[in-house]
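# Coordinate inspection notes
The chain contents come next:
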Amino acid sequence: MPENSQKQNKLNGFAIEGGCLLVGGQPLTRLARRVGRTPFFAYDRTLIGQRVAELRRLLPDGVHLSYAVKANPMPAVVQHLSALVDGFDVASAGEMGTVLDTPMAAERISFAGPGKTRDELVQAIAAGITLNLESESEMESVAALGSEIEARPRVAVRVNPDFELRGSGMRMGGGAKQFGVDAERVPAMLKRIGELGLDFQGFHVFSGSQNLRAGAIREAQEKTAELVLELAEHAPGPVRMVNMGGGFGIPYFPQDQPLDLAAVGRGLSAVLPKLRDRLREARVVIELGRYLVGEAGVYVCRVVDRKISRDQVFLITDGGLHHHLAASGNFGQVLRRNYPVAIGNRLGGPAGGEGETEAVSVVGCLCTPLDLLADKVALPRAEIGDLVVIFQSGAYGLTASPAAFLGHPPPAEALV
Ligand SMILES: *Cc1c(COP(=O)(O)O)cnc(C)c1O
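Every chain is numbered independently, its residues counted from 1 as its sequence is written. Thresholds applied to this predicted model are a pLDDT of at least 70 for local features of residues and 80 or more for the giving and counting of side-chain atom pairs; totals over whole chains, interfaces and linings are not thresholded and use all residues. The basis for every side-chain value is the complete set of non-hydrogen atoms in the structure, without hydrogens or water.

## Structural notes on the domain arrangement of the protein chain
Inclusion rule: Domain limits in this description derive from either an automatic procedure or a database domain assignment. Contacts are residue-level and defined by heavy atoms, with any inter-residue pair within 4.5 Å sufficient. The term buried area means the drop in 1.4 Å probe accessible area that two parts suffer when joined, counted for both and summed. Salt bridges are defined as contacts in which a side-chain nitrogen from Lys or Arg sits within 4 Å of a carboxyl oxygen from Asp or Glu. Pairing of N or O atoms within 3.5 Å defines a polar contact, subject to two protein rules: one partner must be a possible hydrogen donor and the other a possible acceptor, and residues neighboring in sequence count only if both atoms are side-chain atoms. Just so you know the grouping, Ala, Val, Leu, Ile, Met, Phe, Trp, Tyr, Cys and Pro go in nonpolar, Asp, Glu, Lys and Arg go in charged, and all remaining residues, Gly too, go in polar.
Taken domain by domain, the protein chain holds domain 1 (3-43 + 295-415) and domain 2 (105-288). Placing the centre of domain 1 and that of domain 2 at their C-alpha centroids yields a distance of 36 Å. Opposite the 7 residues of domain 1 that make contact, domain 2 presents 7 residues. Each partner contributes to the roughly 770 Å² buried at the junction of domain 1 and domain 2, and carbon and sulfur atoms together form 58% of this total. Of all residues in domain 1, Glu 295, Arg 337 and Gln 392 bury the most surface against domain 2, accounting for 56% of the area lost on that side. At the junction of domain 1 and domain 2, the tally comes to 0 salt bridges. Put simply, domain 1 and domain 2 have 1 residue pair in polar contact (both at pLDDT 80 or more) between them. Partitioning the side of domain 1 that touches domain 2 into residue classes produces 3 nonpolar, 2 polar and 2 charged.

## Side note on the site of the ligand
We count it as follows: Proximity is defined per residue: any heavy atom of the residue falling within 4 Å of a molecule or strand makes that residue near it. Residue exposure ignores everything except the shown protein chains as possible cover, and the areas themselves are Shrake-Rupley values with a 1.4 Å probe.
Inspection of the region around the ligand gives 13 residues, with Lys 70, Ser 209, Glu 287, Arg 290 and Tyr 396 positioned closest. Compared with its free state, where it exposes 380 Å², the ligand has 95% of that area covered by protein. A per-class count over the shell around the ligand returns 5 nonpolar, 4 polar and 4 charged.

## Remarks on the packing of aromatic side chains
Operational definition: Only rings of Phe, Tyr and Trp enter the pairing, Trp through its six-membered ring, and a pair is recorded when the two centres are within 6.5 Å. The plane angle decides the type: under 30 degrees is stacked, over 60 is edge-to-face, the rest tilted. Secondary structure is summarised from DSSP: a helix means a run of H or I of at least four residues, a strand means a run of E of at least two, and numbering begins at the N terminus for each.
Summed over the entire model, instances satisfying the criterion amount to 10 aromatic pairs. Between Phe 14 and Phe 391, the aromatic rings sit 5.9 Å apart at their centres with planes inclined by 50°, giving tilted as the arrangement. With Phe 14 in strand 2 (residues 14-17) and Phe 391 in the loop between strand 22 (387-390) and strand 23 (412-415), this residue pair connects regions lying 377 residues apart in the sequence. Each residue in the set Phe 41, Tyr 43 and Tyr 299 is aromatic and connected to the rest through ring pairs, giving one cluster.

## What about the pairing of strand 22?
Threshold: Under the scheme applied here, a residue whose accessible area is under 20% of the maximum for its type counts as buried, over 50% as exposed, and between as partly exposed, the area being computed with a 1.4 Å probe on protein chains only. The pairing criterion for strands is at least two bridges between them, as found by DSSP.
Residues Leu 387 and Val 389 of strand 22 are buried on one face, and the alternating residues Val 388 and Ile 390, pointing to the opposite face, are buried as well. Sheet topology note: the strand 17 (residues 297-309)/strand 22 ladder contains 4 bridges and is antiparallel. Considered in strand 22, the bridge of Tyr 299 is made with Ile 390.

## Section: unusual backbone geometry
A cis geometry characterises the amide bond from Thr 38 onward to Pro 39, with omega recorded as -10°. Its place among the elements puts Pro 39 in the loop between helix 1 (28-35) and strand 5 (40-43). For Asn 12, which is not glycine, the phi dihedral falls at a positive 50°. Examined against the element boundaries, Asn 12 turns out to sit in the loop between strand 1 (10-11) and strand 2. With a phi close to 75°, Leu 406 is a non-glycine residue in the positive phi region.

## A look at the pattern of salt bridges
Pairs may arise between side chains of opposite charge once their charged atoms sit close together. Under the criterion given, the structure shown has 18 salt bridges. One salt bridge connects Asp 86 with Arg 56, and the closest N-O pair in it is separated by 2.9 Å. Of the two residues, Asp 86 sits in the loop between helix 3 (75-82) and strand 7 (87-90) while Arg 56 sits in helix 2 (residues 45-58), which places them 30 residues apart along the sequence. We note a salt bridge from Glu 195 to Lys 191, for which the minimum N-O separation is 3.5 Å. Of this pair, Glu 195 and Lys 191 both sit in helix 7 (residues 186-196), separated by 4 residues, roughly a single helical turn. One continuous salt-bridge network, built from bridges that share partners, spans Glu 140, Lys 191, Arg 192 and Glu 195.

## A look at the environment of Arg 30
Relative to the assigned elements, Arg 30 resides in helix 1. The class for Arg 30 is exposed, based on a relative accessible area of 60%. A sequence separation of 340 residues divides Arg 30 from Leu 370, and the C-alpha atoms of the two residues are 31 Å apart.

## Some remarks on helix 8 (residues 214-232)
Threshold: Every helix has an expected span of 1.5 Å times one less than the residues it contains.
For helix 8, built from 19 residues, the straight-helix expectation of 27 Å at 1.5 Å per residue is met to within 8% by its first-to-last C-alpha distance of 26 Å. Regarding helix 8, the residues found buried are Ala 214, Ala 216, Ile 217, Ala 220, Gln 221, Thr 224, Ala 225, Leu 227, Val 228, Leu 229, Leu 231 and Ala 232. Where helix 8 is buried, its residues touch strand 10 (154-160), helix 7, strand 13 (199-204), strand 15 (241-246), helix 9 (261-278) and strand 16 (283-288).

## Overview of the packing of helix 8 against helix 9
Applied cut-off: To get an axis, a line is fitted to the C-alpha atoms, and for a helix only the part in contact is used. The angle between two axes follows their N-to-C directions and goes from 0 to 180 degrees. Angular relationships are summarised with four words: roughly parallel below 35 degrees, roughly antiparallel beyond 145, roughly perpendicular across 65 to 115, and oblique for the angles in between.
Axis separation between helix 8 and helix 9 bottoms out at 9 Å; the angle between their running directions is 5°. Judged on the interaxial angle alone, helix 9 and helix 8 are roughly parallel. Residues Ala 214, Ile 217, Arg 218, Gln 221, Glu 222, Ala 225, Val 228 and Leu 229 of helix 8 lie in contact with helix 9, whose contacting residues are Ala 263, Val 264, Arg 266, Gly 267, Leu 268, Val 271, Lys 274, Leu 275 and Arg 278. A breakdown of the residues in the contact of helix 8 with helix 9 according to their chemical character gives 10 nonpolar, 2 polar and 5 charged.

## Some remarks on helix 5 (residues 118-127)
Put simply, the rule is: Arc definition: directions from the helix axis to the C-beta atoms.
Along helix 5, the positions that sit buried rather than exposed are Glu 120, Leu 121, Ala 124 and Ile 125. Seen end-on, helix 5 carries its buried residues on one side only, within an arc spanning 130°. Facing away from the buried side of helix 5 by over 90 degrees, the exposed positions are Asp 119 and Ala 126. On its buried side, helix 5 packs onto helix 4 (93-100), strand 8 (109-111), strand 9 (130-133) and helix 6 (136-149). Gly 128, located one to two residues past helix 5, shows a positive phi value of around 80°.

## Side note on the packing of helix 2 against helix 9
Heads up, the rule is: For any pair of crossing helices, the crossing counts as left-handed if the nearer helix is rotated counterclockwise from the farther one by less than a right angle, and right-handed if it is rotated clockwise.
Between helix 2 and helix 9, the shortest axis-to-axis distance is 9 Å and the interhelical angle comes to 40°. On the basis of the axis angle, helix 2 is oblique to helix 9. Here helix 2 and helix 9 pass one another in a crossing that is right-handed. Of helix 9, the residues touching helix 2 (which contributes Glu 54, Leu 55 and Leu 58) are Leu 261, Ala 262 and Gly 265.

Below you can see the structure in the form of structure tokens.
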């Protein structure tokens, strides 16, 4: 991305104007009025578009981008992405309904995930989307349901590879897993797919998530390509789709270095010819969730009280872990670390602060000590009514939070 020549003051990718954060070009204080209440999540459509453009520029031509809807299923976000990406991956009937409301073609939608119910399978077959089969028994059910409703199911095999994506936040392949079919069992399964007359599309290999190391991602992509080429020998028909997974991570914490996307792109350029040479009809798909939307979103809550307990300052907000479990450190983190945080209406100082700062802990309104949004961070002195902003909140925010816990209202959401 060309550097902004005016050297506009920015914080985590968001512009600042008159001491106030801009989201989608709007001052946060005004946006809060427009939304009508706090807390809320706001997603910046321009930042999402820029991220997709960066991927198009740095990944080899012809690689398809698929959005994993579970990262952020807000219908407006999904609608916005439908014009930018080449496909969607869903993991429930609910997500399937959301993507089928967009103009995305059914043949560009896949449905992965263990434990798909009979109703979900029927809906997916009727919609004509591709089912990423997670087990032999699921394959048999899909075939039976296809006969029952007189439709030929489109299927791909989700493979549990014999390797892991090193250094991932969450490992989803290698060893014994509830995801996919163990690679060594896939040849027999492919034979059976042929016997059952299913419409075979290809392979899905997803080995992990939240990875910031280009080298590890490249290694996984090389191994994935090798594995797919081996398995393709047993395919009951032409391989039309190879979903190589994704796992591209975003930096959450100060010591995190952003992923070197150009290096990932170079690795993929080296792997692609081998795949294309042998599998001429195959679309190569990279499937991304948080990398597309995570950095484009903020969570905003209001300071409702300020108190000092034994010399420690607490900013007590109307938000909390019931809206944003991940920021509280309770969604898969081993060590609790603070998400980037700011007082969105007090960004007047040179480093995005107002000069003087104080150490504070930002907490939510839930009656549990787990409800900690930022632990002992340096922030400009905040008053009741100020707006606390938590960055990197565009993925696994509301959708991954226990909204019913303690019975407070849900947050609002806006795509700006
Ligand atoms: C969760 C998931 C993704 C998205 O992971 P991100 O870390 O958000 O990119 C992609 N594919 C599958 C199969 C998943 O389960």
